[in-house]
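Structure assessment
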Amino acid sequence: IERRRALARRYETALAPLAPLVRLAERPAWSNPALHLLAVLIDFEAAGLSRAEVMAGLKARGVGSQVHYIPVHRQPYYAARYGVADLPGADAWYARCLSLPLFPAMADSDVDRVAAALMDTLPSAEGRVAAKQPGGGLPPPHERGRQTPTADPSPQGGGA
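Parameters at a glance
Residues numbered from 1 in each chain as written. Predicted model: local features only at pLDDT ≥ 70, side-chain atom pairs only at ≥ 80, totals over all residues. Heavy atoms only, no water. pLDDT = per-residue confidence, 0-100. Helix = DSSP H or I, 4+ residues; strand = E, 2+ residues; numbered from the N terminus. Contact = heavy atoms within 4.5 Å. Phe/Tyr/Trp six-rings, centres within 6.5 Å; stacked < 30°, edge-to-face > 60°. Lys NZ or Arg CZ within 6 Å of the ring centre and 35° of its normal. Core = buried A, V, L, I, M, F, W, Y, C linked by side-chain atoms within 4.5 Å. Buried < 20%, exposed > 50% of the residue type's maximum accessible area, 1.4 Å probe, protein only. Pairing = 2+ DSSP bridges. Axes fitted to C-alpha atoms, helices over the stretch in contact; angles between N-to-C directions.

Per-residue confidence for the protein gives a mean pLDDT of 81, with 76% of residues at or over 70. Across the protein, the secondary-structure element scoring lowest on mean pLDDT is helix 7 (residues 123–131), at 47, and the one scoring highest is helix 3 (residues 51–60), at 97. Within the model, the stretch residues 128–160 combines pLDDT values under 50 with 24 contacts to residues more than four positions away or in other chains.

Right, here's the structure in full:
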């Protein structure tokens, strides 16, 4: 369990440059899960990519991913028996979730490789998202995480 938690912490650091497009699923402060899965939430709409396209991009880079899980109210048995309930929170989670590899035998470098594969799958989408924000696009993947100025440093704020 401790190894899984250490890997999850490494993922958190490695995926930080992709925020807010990608973030680890939040856990309540009182929880201490065993982390048998590593769920991330991806804003596929903002990325301009479907979950299937992201999964295919990861697969092309040698990284498996899965969706965990289809909400219970959307499972065929429950939908047929009880009808499909209106559960927007569960549907919103499902629309954004993706599980990345997580198992105790992973090396730290495996986490880095998975994170790099996700970054390589999303860079053009990140640029589209960031271009809508004040300050323009994001730096290339190898420069992410470095501080870049976003405002004019002159006292007047007007520049030269």
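Inspection of the entire model under this criterion finds 2 aromatic pairs. For the ring pair Tyr 78 and Tyr 82, a centre distance of 6.1 Å and an interplane angle of 25° mean the geometry is stacked. Taken together, the residues Tyr 78 and Tyr 82, both in helix 4 (residues 76–82) and 4 residues apart, mark about one turn of the helix. Three or more aromatic residues joined by ring pairs make a cluster, and in this case those are Tyr 77, Tyr 78 and Tyr 82. Of note, Arg 51 hangs over the ring of Tyr 94, and the distance from its end group to the ring centre comes to 4.7 Å.

Moving on: the nonpolar core. Side chains of a nonpolar character, in soluble globular proteins, are inclined to be buried together. Within the largest apolar cluster, 30 residues are counted, with the highest numbers of intra-cluster contacts made by Tyr 11, Leu 15, Val 40, Val 54, Leu 100, Leu 118 and Leu 122. Contributing elements (two or more residues each) for this core: helix 1 (2–15), strand 1 (22–24), strand 2 (38–42), helix 2 (44–47), helix 3, strand 3 (97–100) and helix 6 (108–121). The greatest single-element share of this core, amounting to 6 residues, is contributed by helix 6. Once residues lying within four places of it in the same chain are set aside, the contact partners of Leu 122 are Leu 18, Leu 21, Val 22, Ala 47, Leu 49 and Val 54.

Take the environment of Tyr 78 next. Of the residues examined, Tyr 78 reaches a relative accessible area of 37% and is grouped as partly exposed. Those residues in contact with Tyr 78 that lie beyond four places of it in its chain are Val 72 and Gly 83.

Take the sheet that holds strand 2 next. The antiparallel open sheet is built from 3 strands, whose spatial order is 1-2-3. Lying at the two open borders of the sheet, with one neighbouring strand each, are strand 1 and strand 3. Between one strand axis and the next, the sheet turns through 35° on average, direction left out of account. Bridge count between strand 1 and strand 2: 3 bridges; the pairing is antiparallel. By the bridge assignment for strand 2, Leu 24 is matched with Val 40.

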